[in-house]
Amino acid sequence: RPIAELDNFIKVNKHLPNIPTTEEVTANGINLASMDAKLLEKIEELTLYILQQQKQLEAQQKDIDELKRVANKSK
């Protein structure tokens, strides 16, 4: 799920997708096996977001280095 879509979901629903709300947990409790599976899913999503951000940071750093190189050549 794109990060912007996730951000919008959280703003609208006040909780993560596929995770029960506080009210639902208070009213119904939680199934630990089910919650563990959902938390593992969230860990995987976070890992994917981190990897995506790292790739973006590396691309930006490459662009910065190239701009510095060009700027230094023109001096």
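Everything below is about the structure printed above this text.
Residues numbered from 1 in each chain as written. Predicted model: local features only at pLDDT ≥ 70, side-chain atom pairs only at ≥ 80, totals over all residues. Heavy atoms only, no water.

Student: Just to check I follow, could you spell out the overall build of the protein for this structure?
Tutor: Scanning the protein for helices and strands turns up three helices and zero strands. Beginning at the N terminus, the succession of helices and strands in the protein can be written as α-α-α. Here the C-alpha radius of gyration of the protein, 20 Å, is well above what a compact globule of 75 residues would show, namely 11 Å. Principal-axis analysis of the C-alpha atoms gives the protein an extent of 70 × 25 × 15 Å. Expressed as a percentage of the 75 residues in the protein, the buried residues total 11%. As displayed, the protein has an accessible area near 6500 Å², and 59% of this comes from carbon and sulfur atoms. (Helix = DSSP H or I, 4+ residues; strand = E, 2+ residues; numbered from the N terminus. Rg over C-alpha atoms; globule rule 2.2 N^0.38 Å. Buried < 20%, exposed > 50% of the residue type's maximum accessible area, 1.4 Å probe, protein only. Areas by Shrake-Rupley, 256 points an atom, 1.4 Å probe, with all protein chains shown as cover.)

Student: It is not clear to me how the packing of aromatic side chains should be interpreted in this structure. Could you clarify?
Tutor: The geometry of an aromatic ring pair is captured by the separation of the ring centres together with the interplanar angle, meaning the angle of the planes. Applying the stated rule across the entire model yields zero aromatic pairs. When the ring centre of Phe-9 is taken as origin, the NZ or CZ atom of Arg-1, which lies over that ring, is 5.5 Å away. (Phe/Tyr/Trp six-rings, centres within 6.5 Å; stacked < 30°, edge-to-face > 60°. Lys NZ or Arg CZ within 6 Å of the ring centre and 35° of its normal.)

Student: What should I look at first to understand the side chain of His-15 in this one?
Tutor: Residue placement: His-15 occurs in the loop between helix 1 (3–13) and helix 2 (22–28). Within the local environment of His-15, its side chain forms a polar contact with the backbone oxygen of Ile-19, the two atoms lying 2.9 Å apart. When sequence neighbours within four positions are dropped, the list of residues in contact with His-15 reads Phe-9, Ile-10 and Thr-21. (Polar contact = N/O pair within 3.5 Å; in protein donor to acceptor, adjacent residues only side chain to side chain. Contact = heavy atoms within 4.5 Å.)

Student: Is there a simple way to explain the environment of Arg-69 in this structure?
Tutor: Tracing the chain through its elements places Arg-69 in helix 3 (residues 32–73). For Arg-69, a relative accessible area of 39% translates into the label partly exposed. Looking at Arg-69, its side chain comes within polar contact range of the side chain of Glu-66, at 2.4 Å.

Student: Sorry, what's going on with the pattern of salt bridges here?
Tutor: Pairs can form between side chains of opposite charge whenever their charged atoms are close. Scanning the model with the defined rule gives five salt bridges in all. Residue Lys-11 pairs with Asp-7 through a salt bridge whose shortest N-O separation is 3.1 Å. You can see Lys-11 and its partner Asp-7 sitting in helix 1, four residues apart, about one turn around the helix. For Lys-11, a relative accessible area of 53% puts it in the exposed group. With a closest N to O distance of 2.4 Å, Glu-66 and Arg-69 form a salt bridge. (Salt bridge = Lys/Arg side-chain N within 4 Å of Asp/Glu carboxyl O.)

Student: Which parts of the structure should I look at to understand the environment of Glu-23?
Tutor: Positionally, Glu-23 belongs in helix 2. The exposure class of Glu-23 is exposed, given its relative accessible area of 59%. Note: C-alpha distance between Glu-23 and Leu-57 (34 residues apart in sequence) is 38 Å.

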